[in-house]
Structures are given as structure tokens and as C-alpha cells.
Amino acid sequence: MNTQEIINFIANSKKKTPIKVYLSGRLDLIDFLNLEFYGDDKFGILFCDEKDFKSLYQNNKDYINKYKIEMDRKNSAIPLADLSKYNARIEPGAIIRDMVEIGAGCVIMMGAIINIGASIGENTMIDMNAVIGGRAQVGKNCHIGAGAIVAGVIEPPSAQPVVIEDDVMIGANAVILEGIRIGKGSIVAAGSVVLSDVEPFSVVAGVPAKFIKKVDERTRSKTQLIEELRKLEN
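No experiment lies behind these values; they were computed from the predicted model shown.

Right, let's talk about the side chain of T124 for a bit. Along the chain, T124 turns up in the loop between β10 (119–120) and β11 (125–126). With a relative accessible area of 0%, T124 lands in the buried category. Polar contacts involving the side chain of T124 include one to the main-chain carbonyl oxygen of G139, which spans 2.6 Å. There is a polar contact of 2.9 Å between the side chain of T124 and the backbone nitrogen of C142. Filtering out sequence-adjacent residues up to four positions away, T124 remains in contact with C106, V107, V138, G139, K140, N141 and C142.

Below you can see the structure in the form of C-alpha cells.
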């Protein structure tokens, strides 16, 4: 997706506040219409939008003794992705927005965030609490370290997305700013802040990140991916 497509999608989307409501009372006297209700005549759980519950409550408050609402978003414009469509290992607590591409064999760890329009290539691992911003492009066989930030670009519309080519290792807590391209086979050291493009097969480190050396066999052995971590079946 390009920036304008994402902007149009968000601007034109129906904003939703989905809630879970625990209800007790004389529930057999309530007409739940097309709302998603599970329970019996005394207690149940209702899944609906906040505005629908407000209307239901006003019309049926005499039959509701108590209720408790759980809400995890407000006027949300972008739904979460349907995880069933991915052939990947996705651990609990990962947040993946709709319209994200995730290749086969990827690993998305706890607390990782992947925003709308991002693309993750096959066999790439997004480690714990890493953030992949909107429209970011991450190649195949990469490792994005824990707490790393790959900047997103939804506004301004003229900004270019981050592109991380295949076989790249991004260290923990590194930051890749918008519009940066990290060349194939490169390594970004932990804690680095990358302000300019990185040539293929380069090692960069520091704030701002600077060229250290070309990737050699010793460096490759220290950054080897473990194929077993990406297997989905024993």
C-alpha cells in the first residue's frame, strides 16, 4: 500500500469501540437483536460496539442489575489482523494491524508491534517489543532485535518507507529512521541509530551509526539464524 491508500483507508473507515460486557439481571426479558450474546436468563457476556450497548442499556436498564465493561481501544480506525491467514509462529501479546504481509516461517515474538502496510519476508524474526512502523519493508531471513524500532511513514505522505533487504541483522534497541535502506547481509549493532543508508554486507554501529567493517566469516558465525526456531511442525 502507498501512503495515500493508507490515509484514505483510515479516513474513510468506520471508527469502532468494540467492548466486552458482563451482564447480570433478568436477561431473558432483553431482546439482544443482532448483538453477540452468550449466557442464560441471569448472567451472560455481550460482545458489541460501545454505542450499541448504550442504546441497549437505555432500553433495558430495568432488567440489568449490574454490568462491567472491558475495552481495549477507542474509536479505532484499523482492525487487528486475522492471524489465521499467516503461516508463521506468532506468540501471545504481538500486535499486528490489518493489511500487514507476513511471509511463511516468520517468528513474531511477544510484544512486537507491526503497523498497517508493513511487509515481513519469509523466515524473518521480529523479536520481543520490536516496532515495525507503517509501510516498512523487511526482507527474508532477517532478525529484528528486541526493542528495535523500524520507523513508519504514514505522514507526511511524501516520506519514503524503511527498506531492510534480505539477510539483515538488526541489534536490540537499534533505531532505523524513515527512508533508510539497509543493504543485503548487513548488521546493525545493538543500540545504534541509523541516519543514512547502509551498503550491503556492512557492519555499522554507534549514534549515529557509522561503518565499522565489511561482514566476514567470523561475523556471520556470530549472527547465524537458527532454522529450528522457524519450524512450525515437529
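Time to look at the sheet that holds strand β13 (residues 137–138). Pairing within the open sheet is parallel, and its 5 strands lie in the order β7-β10-β13-β16-β19. Both outer strands of the open sheet, β7 (101–102) and β19 (181–182), are each paired with one neighbouring strand and no more. Note: strand β16 (residues 163–164) against β19, 2 bridges, orientation parallel. Bridge assignment links V163 to a residue of β19, and that residue is R181.

In this section: a nonpolar patch on the surface. Taken together, the side chains of Y67, I69 and M71 present a nonpolar region at the surface, about 260 Å² in accessible area. Considering the arrangement of structural elements, one finds M71 in strand β4 (residues 64–71).

Bringing the packing of aromatic side chains into the picture now. Overall, the coordinates contain 5 aromatic pairs when judged by the stated rule. A centroid spacing of 4.1 Å and a plane angle of 5° characterise the contact between F32 and F37, whose relative ring orientation is stacked. Residue F32 is classed as buried on the basis of its relative accessible area of 9%. Linked through ring pairs, F53, Y57 and Y67 together constitute an aromatic cluster.

Turning our eyes to something else, we now look at the pairing of strand β1 (residues 18–25). Bridging between β1 and strand β3 (residues 43–49) involves 7 bridges; their strand directions are antiparallel. Bridge pairing in β3 places S24 opposite F43. In terms of strand pairing, β1 meets β4 through 7 bridges, oriented antiparallel. Following the sheet pairing, I19 is matched in β4 by M71.

Attention now goes to helix α2 (residues 50–60). When we look at burial in α2, the residues that qualify are E50, F53, L56 and N60. Along α2, the residues classed as buried sweep out an arc of 120° about the axis, all on the same side. Along α2, the residues that are exposed and aim more than 90 degrees away from the buried face are K54, Q58 and N59. Looking at the buried residues of α2, the elements they touch are β1, β3 and β4.

Burial of nonpolar side chains together is a common tendency in soluble globular proteins. Core analysis: the largest hydrophobic core is formed by 35 residues, its most contacted members being I102, I114, I132, I144 and I164. Not counting residues within four places of it along the chain, the set of residues in contact with I132 comprises I113, I114, N115, A118, I120, I126, V138, I144 and V150. Residues L23, L46, L56 and I64 belong to the second largest nonpolar core, which totals 11 residues.

Take the pairing of strand β2 (residues 36–39) next. In terms of strand pairing, β2 meets β3 through 4 bridges, oriented antiparallel. Across the sheet, the residue bridging to G39 is G44, located in β3. In sequence, β2 turns back onto β3 through a hairpin of 3 residues.

The residue after V207, namely P208, is reached through a cis peptide bond having omega -5°. Among the secondary structure elements, P208 is positioned in the loop between β22 (202–205) and β23 (210–214). Unlike most non-glycine residues, L33 shows phi in positive territory, near 55°. Within the secondary structure layout, L33 lies in the loop between β1 and β2. Here L33 falls in the exposed class, since its relative accessible area comes to 67%. For M99, which is not glycine, the phi torsion reads 65° and is therefore positive. Topologically, M99 is positioned in the loop between β6 (95–96) and β7. The class for M99 is partly exposed, based on a relative accessible area of 31%.

Reading the values: rules and limits
- Here the residue numbering is sequential within each chain, running from 1 through the sequence in written order.
- Local features in a predicted model are, by the rule used here, given only for residues with pLDDT of at least 70; side-chain atom pairs are given and counted only at 80 or more, and totals for whole chains, interfaces and linings are based on all residues.
- Each side-chain value is worked out from all heavy atoms of the structure, with water and hydrogens disregarded.
- Working definition: helices are DSSP H or I runs of at least four residues, strands are E runs of at least two. Numbering for both runs from the N terminus.
- Think of it in three bands: residues with accessible area under 20% of the maximum for their type are buried, residues over 50% are exposed, and the middle band is partly exposed, with areas taken using a 1.4 Å probe on protein chains only.
- What qualifies as a polar contact is a pair of N or O atoms within 3.5 Å, subject to a donor-acceptor requirement within protein and to the restriction that residues adjacent in sequence count only when both atoms come from side chains.
- The contact rule is simple, with two residues in contact once any of their heavy atoms fall within 4.5 Å.
- Two strands qualify as a pair provided DSSP detects at least 2 bridges between them.
- The patches described consist of residues with a relative accessible area above 30% and no salt bridge, like charges being joined within 9 Å and nonpolar side chains (Val, Leu, Ile, Met, Phe, Trp, Tyr) within 5 Å.
- Exposure was quantified through the Shrake-Rupley algorithm and a 1.4 Å probe, taking into account, for residues, occlusion by the shown protein chains and nothing else.
- Each reported salt bridge corresponds to a side-chain nitrogen of Lys or Arg within 4 Å of a carboxyl oxygen of Asp or Glu.
- Geometry of aromatic contacts follows a simple scheme: Phe, Tyr and Trp rings, the Trp one being its six-membered ring, pair when their centres are within 6.5 Å, and the pair is stacked under 30 degrees between planes, edge-to-face over 60, tilted otherwise.
- The directions considered for the arc are those from the helix axis to the C-beta atoms.
- Only buried residues count toward a nonpolar core, which is a set of Ala, Val, Leu, Ile, Met, Phe, Trp, Tyr and Cys residues joined through side-chain atoms within 4.5 Å.

Read these as geometric descriptors, not functional statements.
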